[in-house]
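# Chains, contacts and geometry: an overview
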Amino acid sequence: MTAVTVLLALLAALSNASASVLQRRAAVQEPDDGSGAGSVVRRFTHVLRRPSWLAGVGLLALSGLLQAGALAVGSLSLVQPLLAAELLFTLAVGSVVFRRRPDGRTWLAFAALAVGLALFLLAAAPTAGRTSAPPRTWLLGGAGVLGTVVLLAVAARLARGASRAALLGLASAVSFATTAALLKEAVGRLGDGLGAMFGHWSLYATGVAGLVAFLLLQGALGAGSLTASQPALTLGDALTSVVLGWVLFAETVHLGLSLLPEAIGIALIGAGSIGLAHAQTVGAEWDTAAPDRPPERDGSRAPAPRRH
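Since this is a predicted model, take the numbers as computed values, not measurements. (Residues numbered from 1 in each chain as written. Predicted model: local features only at pLDDT ≥ 70, side-chain atom pairs only at ≥ 80, totals over all residues. Heavy atoms only, no water.)

### Considerations on the packing of helix α7 (residues 135-157) against helix α8 (residues 161-187)
Where α7 meets α8, the closest approach of the two axes is 8 Å, and the angle between their N-to-C directions is 160 degrees. If you check the angle between α7 and α8, you find them roughly antiparallel. Relative to α8, α7 is oriented so that their crossing is left-handed. The segment α7 lies against α8, with Trp138, Val145, Thr148, Val149, Leu152, Ala155 and Ala156 engaging Arg164, Leu167, Leu168, Leu170, Ala171, Val174, Ser175, Thr178, Ala181, Leu182 and Glu185. Its residues placed into classes, the contact of α7 with α8 shows 13 nonpolar, 3 polar and 2 charged. (Axes fitted to C-alpha atoms, helices over the stretch in contact; angles between N-to-C directions. Helix = DSSP H or I, 4+ residues; strand = E, 2+ residues; numbered from the N terminus. Parallel < 35°, antiparallel > 145°, perpendicular 65-115°, else oblique. Left-handed = near helix turned anticlockwise from the far one by under 90°. Contact = heavy atoms within 4.5 Å. Nonpolar A, V, L, I, M, F, W, Y, C, P; charged D, E, K, R; others polar.)

Here's what the structure looks like:
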């Protein structure tokens with residue numbers, strides 16, 4: 001059963017990474033005509049007609065189904081950390097879609113982030129707890145999540161560029177982690193039949209949380225490069241899931257001798273974050289060129305034509 005859980009979670013990570021890349025492609029093909037509400041609506045309307053954006057929506061839906069399958073046969077503490085593989089899948093798929101490889105420092109930074117997160121979570125080894133959370137716990141946890149997302153969204157409105165993309169990516173991560181926790185609550189009731197799942201509030205709350213996460217993700221993809229939004233999205237999702245697993249489902253993490261590899265993992269995450277910030281001066285443009293434009297003689301790509 002563990003092998004099935006791992007396979008489904010990794011396929012979900014690949015599908016989600018591909019969705020992010022395709023929707024980022026659609027976003028960069030649209031000109032930035034300002035930050036007003038009218039400009040944002042027009043830009044989003046144009047993006048909706050792009051095949052790459054629609055393909056991304058389909059892959060997001062597929063990722064959700066794969067994740068639900070993984071959560072049905074495995075624990076939140078196992079499924080969500082495996083989604084950290086989305087970082088490397090994003091680089092691999094993005095390199096093909098944008099026909100431009102990130103620089104070496106960006107690859108190393110992403111690798112440090114992914115390895116650090118994996119080491120931390122493997123050492124912490126969160127254990128499975130209860131299959132369902134009490135209503136009071138959900139009420140307190142939901143209030144904390146809502147407050148966090150609101151604060152991040154407000155901070156993002158005051159930021160620009162990579163900082164805004166990172167903040168929106170983190171807000172989206174918290175929302176996606178909450179969606180996963182709600183989904184686990186819902187699919188955990190399948191043992192009592194489909195009626196028990198469809199008759200419980202958690203299934204419909206999953207849809208609401210997923211919609212919020214999706215809208216925040218669109219804002220992150222439009223605000224800046226994937227090198228800014230994707231680490232916050234992936235790492236924030238996994239870490240928030242560990243916290244929610246502890247708060248909602250009484251999952252625990254190992255301490256004692258495990259603190260050493262956990263500290264090393266945290267150090268790698270910090271080093272990767274610093275390296276990524278420095279690498280952006282070289283590689284932040286790797287996913288900003290419209291791939292349907294022919295390359296110039298120097299290897300760069302001409303900008304996409306502006307709409308009038």
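### Observations regarding the confidence of the model for the protein
Overall, the predicted model of the protein reaches an average pLDDT of 77, with 79% of residues at or above 70. Considering each helix and strand of the protein separately, the mean pLDDT is smallest for helix α2 (residues 37-48), with a value of 56, and largest for α7, with 92. In the model, residues 280-284 has pLDDT below 50 throughout and makes 10 contacts with residues more than four positions away in sequence or in other chains. Between residues 294-308, whose pLDDT stays under 50, and residues either more than four places distant or in other chains, the model counts 28 contacts. (pLDDT = per-residue confidence, 0-100.)

### Here's the deal with the nonpolar core
Membership of the largest hydrophobic core comes to 27 residues, with the highest contact counts inside it found for Leu71, Trp138, Ala181, Leu248 and Phe249. At 9 residues, α8 tops the list of elements feeding residues into this core. Within the second largest apolar cluster, 13 residues are counted, among which are Leu87, Leu91, Phe120 and Ala238. (Core = buried A, V, L, I, M, F, W, Y, C linked by side-chain atoms within 4.5 Å. Buried < 20%, exposed > 50% of the residue type's maximum accessible area, 1.4 Å probe, protein only.)

### Regarding the side chain of Asp237
Along the polypeptide, Asp237 turns up in helix α11 (residues 226-249). Polar side-chain contacts of Asp237 include one of 2.9 Å to the side chain of Gln80. (Polar contact = N/O pair within 3.5 Å; in protein donor to acceptor, adjacent residues only side chain to side chain.)

### Topic: α8
Between its terminal C-alpha atoms α8 stretches 38 Å, which fits the 39 Å expected from 27 residues at 1.5 Å a residue. Taken across its 27 residues, α8 has 20 buried, putting it largely inside the fold. (Expected span 1.5 Å × (residues − 1).)

### Regarding the environment of Ser241
Considering the arrangement of structural elements, one finds Ser241 in helix α11. The buried category is assigned to Ser241, whose relative accessible area is 3%. Separated by 165 residues in sequence, Ser241 and Leu76 have C-alpha atoms that sit 7.1 Å apart. Among all residues touching Ser241, those that are not within four sequence positions of it are Leu76, Gln80 and Ala177. At a separation of 2.7 Å, a polar atom in the side chain of Ser241 contacts the main-chain carbonyl oxygen of Asp237.

### Brief notes about the side chain of Ser172
Along the chain, the position of Ser172 falls in helix α8. Given a relative accessible area of 0%, Ser172 falls into the buried group. At 3.1 Å, the side chain of Ser172 and the backbone oxygen of Ala213 are in polar contact. Ignoring any residue separated from it by four or fewer positions in sequence, one finds Ser172 in contact with Ala213, Leu216, Leu217 and Leu233.

### Describing unusual backbone geometry
In the Ramachandran plot, Ala250 falls in the positive-phi region, its phi being about 60 degrees despite a non-glycine side chain. For Ala250, the position within the fold is in the loop between α11 and α12 (259-283).

### Re a nonpolar patch on the surface
On the surface, a nonpolar cluster with roughly 420 Å² of combined accessible area is contributed by Leu146, Val150, Val154 and Leu158. Looking at where Val150 falls in the secondary structure, it is placed in helix α7. (Patch = residues over 30% accessible without salt bridge, like charges linked within 9 Å, V, L, I, M, F, W, Y side chains within 5 Å. Areas by Shrake-Rupley, 256 points an atom, 1.4 Å probe, with all protein chains shown as cover. Salt bridge = Lys/Arg side-chain N within 4 Å of Asp/Glu carboxyl O.)

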